[in-house]
Amino acid sequence: MSAALDAAAQWTPRTPLEALASVSVCDEDNEDDYASDDWTAARSTLVAKSAKVQGAERVRVAGDAVVRGGAEIRGDAGPVGIGRYVDVGPRAIVHGGASVGSHALLQADAIIHDATIGVGCVIGKGAVIGSQAVLKDYCVVAARAVVPDHSVLAPFSIVAGAPCQLLGEVSPAQADERRRVAELGAARRRAAV
């Protein structure tokens, strides 16, 4: 985790707007063709064939979720629960014991240890969520931020830095937008398959 801490220390947003800007709401610049041979569809959940799921018998993924290429879900280290409308980004790692609430977005290279991620949370690119951390609903963790082990983030928090610091709060309108974007993305994926 020291490499992640070093990367996070290179840039720390100073305001909530900078933290939100470091977390794109939807990564559309590299949209894949969901009907191609690169995807395996199970009900309404899509898993890229290049994603790694270890200990699949201990991994539960609700409908309308997507696990993108290179992502790794480690059910062999403990049970993993991923809620409805969750988007697990490219090369993201979700370790055993983790629980991810519905409508969450885990962006590229995010690392989630055995933590609890609430509904509608956005985890920025390269962010690290420590063991036994709890992120309540609609938290935003900026790109390359580090949430220390055993931390508890209040609902609607915006955090950045290594270790993370509170910068502000997510507005109700931003929380509604997160839900809308997650559900719209799932509808588009269903239509493409």
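Conventions adopted
Residues numbered from 1 in each chain as written. Predicted model: local features only at pLDDT ≥ 70, side-chain atom pairs only at ≥ 80, totals over all residues. Heavy atoms only, no water. Helix = DSSP H or I, 4+ residues; strand = E, 2+ residues; numbered from the N terminus. Buried < 20%, exposed > 50% of the residue type's maximum accessible area, 1.4 Å probe, protein only. Contact = heavy atoms within 4.5 Å. Areas by Shrake-Rupley, 256 points an atom, 1.4 Å probe, with all protein chains shown as cover. Pairing = 2+ DSSP bridges. Core = buried A, V, L, I, M, F, W, Y, C linked by side-chain atoms within 4.5 Å. Salt bridge = Lys/Arg side-chain N within 4 Å of Asp/Glu carboxyl O.

Colleague: Mind laying out the overall build of the chain, listing which residues take part and the relevant values?
Modeller: Looking only at helices and strands, the chain features three helices and 21 strands. Within the chain, the fraction of its 193 residues that count as buried is 46%. Across the chain, the fraction of contacts at a sequence separation of at least 24, relative to all contacts at a separation of at least 6, is 21%. For the chain, the exposed area adds up to about 8,900 Å²; of that, 53% sits on carbon and sulfur atoms.

Colleague: Tell me what's going on with the sheet that holds strand 4 (residues 59–61), and back it up with residues and numbers.
Modeller: Across the sheet, which stays open at both edges, the six strands sit in the order 4-7-10-13-16-19 with parallel pairing between neighbours. The two strands at the open ends of the sheet, each matched to only one other strand, are strand 4 and strand 19 (152–153). In this sheet, strand 10 (residues 99–100) lies alongside strand 7 (residues 80–82) in parallel orientation, the contact comprising two bridges. Its bridge partner lying in strand 10, I82 is registered against V100.

Colleague: So what's going on with the sheet that holds strand 15 (residues 128–129)? Which residues, and what values?
Modeller: What links the strands of a sheet is backbone hydrogen bonding, and the strands pair in either a parallel or an antiparallel sense. Spatially, six strands are ordered 3-6-9-12-15-18 in an open sheet, and the strand pairing comes out parallel. Strands with a single pairing partner mark the edges of an open sheet, and in this sheet they are strand 3 (52–54) and strand 18 (146–147). Pairing of strand 6 (residues 72–74) with strand 9 (residues 93–94), which is carried by two bridges, proceeds in the parallel orientation. For I73, the partnering residue across the bridge sits in strand 9 and is V94.

Colleague: Residues and numbers for the nonpolar core, please.
Modeller: Side chains of nonpolar character tend, in soluble globular proteins, to be buried together. Judged by nonpolar contacts, the single largest core of 33 residues is most densely connected at I112, I117, I123, I129, L135 and V141. With residues up to four places along the chain from it excluded, the contact list for I129 reads I111, I112, H113, A115, I117, I123, L135, V141 and V147. Of all hydrophobic cores here, the second largest spans five residues; its members include V122, V140, I158 and V170.

Colleague: Any details on the pattern of salt bridges? Residues and values, ideally.
Modeller: Two side chains that carry opposite charge are able to pair once their charged atoms sit near each other. Tallied over the entire structure, the rule returns seven salt bridges. In this structure, the salt-bridge partner of R68 is D87, at a minimum N-O distance of 2.8 Å. Of this pair, R68 sits in the loop between strand 5 (66–67) and strand 6 while D87 sits in strand 8 (residues 87–88), and the two are 19 residues apart along the sequence. Here R68 matches D87 in class, with each residue buried.

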